Each structure stands twice: as structure tokens, then as C-alpha cells.
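Topology and contacts: notes
Chain residues, written in single-letter form:
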Amino acid sequence: AFGLAPHAPAGLAVLRQAAGSVSPRDLEPLLAAAGAALPEGQLPNALEYTAGELRLRGITLTDEEHTAMVTRLQTAGYGARMDDGSLSLRAETTP
């Protein structure tokens, strides 16, 4: 309505930032989600964060660990994919 819909998410992000509010796309919530979902003892050897996506390099998971991790992340509202020893993680929806 009133032509504001396309700008609302960007405006909301600006308001959150100004208020000091954290979005699920920010680094801290992504790190917390990864830490809660990864099997014990799995530590990345490098981190990359850009545009709402966290990449953890040096992660090796069995098929069972991968399935359990993806389930935990989806329950928390995050999507993940493994690619060549890297786990990419991002919020599935942005409020």
C-alpha cells in the first residue's frame, strides 16, 4: 500500500540498526545458531560473513551429523548447505 512495500525491509533494517536491535541475519545470531547445531568438537578453521550469510570452513560431518544439524537449524529458522568442507548458513526468513 502506498508504494512502501518494496522499501519496508530495508527501512526496517535501518531502524533495527539505529535501535541496536539484532536481526537473525546478523553475525551474532548466525554464530549462535551454528554453535548450537554443530556436533560437539566440530570447530571451523575459518569464518566468512557477508550479506547475511555465514560460511564456516573446515567442517567435516557424517551423513547422520549433517541431517541432525540441518534439522536443528531449520527448527531455529535457518537454512544450511554443505559444500566442499564449508557450511553456509543463513536465516530462511527475515521479519
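It should be noted that the structure appears before, not after, this text.
Below is a summary of the structure that appears in this document. Residue indices begin from 1 for each chain and proceed along its sequence in written order. For a predicted model such as this one, the threshold for reporting local features is a pLDDT of at least 70, and the threshold for listing and counting side-chain atom pairs is 80 or more; totals across whole chains, interfaces and linings nevertheless cover every residue. By convention in this description, side-chain values take in all heavy atoms of the structure and omit both hydrogens and water.

1. Points about the pairing of strand S4 (residues 86-91)
Cut-off, in case you're wondering: For each residue, the accessible area found with a 1.4 Å probe, counting protein chains only, is set against the maximum for its type, and the residue is called buried under 20%, exposed over 50%, and partly exposed in between. Helix and strand definitions here come from DSSP, where helices need a minimum of 4 consecutive H or I residues and strands a minimum of 2 consecutive E residues; each element is numbered from the N-terminal end. Any two strands are treated as partners once DSSP identifies two or more bridges connecting them.
A large share of S4 lies buried, amounting to five of its six residues. When strand S3 (residues 78-83) meets S4, the two strands line up antiparallel, connected through six bridges. Each residue of the ladder has a partner; that of Met-82, found in S4, is Leu-87.

2. Let's talk about the packing of helix H2 (residues 27-37) against helix H3 (residues 63-75)
Test applied: Lines are fitted to the C-alpha atoms to define the axes, a helix being fitted only along its stretch in contact, and any angle between axes, read from their N-to-C directions, falls within 0 to 180 degrees. Put simply, angles under 35 degrees are roughly parallel, angles over 145 are roughly antiparallel, angles from 65 to 115 are roughly perpendicular, and the rest are oblique. The crossing is said to be left-handed when, going from far helix to near helix, the turn is anticlockwise and less than a right angle, and right-handed when the turn is clockwise. Throughout, a contact is declared for two residues whenever any of their heavy atoms are within 4.5 Å. Under the scheme applied, nonpolar residues are Ala, Val, Leu, Ile, Met, Phe, Trp, Tyr, Cys and Pro; charged residues are Asp, Glu, Lys and Arg; polar residues are all the others, including Gly.
Orientation of H2 relative to H3, taken along the N-to-C sense of each, is 140°, at an axis distance of 9 Å. Judged by the inter-axis angle, H2 sits oblique to H3. Remark: the crossing between H2 and H3 carries right-handed chirality. In this structure, H2 uses Ala-33, Ala-34, Ala-36 and Ala-37 to contact H3, whose residues at the interface are Met-69, Arg-72 and Leu-73. Of the residues assigned to the contact of H2 with H3, the class counts are six nonpolar, no polar and one charged.

3. Details of the side chain of Ser-88
Mapping Ser-88 onto the fold places it in strand S4. Overall, Ser-88 belongs to the buried group, its relative accessible area being 2%. Leaving out residues up to four positions away in the same chain, Ser-88 has contacts with Glu-53, Leu-54, Arg-55, Gly-79, Ala-80 and Arg-81.

4. Digging into the sheet that holds strand S1 (residues 46-50)
One open sheet accounts for four strands, arranged S1-S2-S4-S3; its pairing is antiparallel. Across the chains shown, the open sheet's two edge strands, defined by having one partner strand only, are S1 and S3. Mean inter-strand twist for the sheet, computed between neighbouring axes without regard to direction, equals 15°. Relative to S4, strand S2 (residues 53-57) runs antiparallel, the two sharing five bridges. Directly across from Leu-54, in S4, lies its bridge partner Leu-89. Strand contacts of H2: S1, S2, S3 and S4, with the helix running at about 45° to S2, the strand carrying the most contacts. Strands in contact with H3 are S3 and S4; relative to S3, the strand with the most contacts, it is inclined by about 155°.

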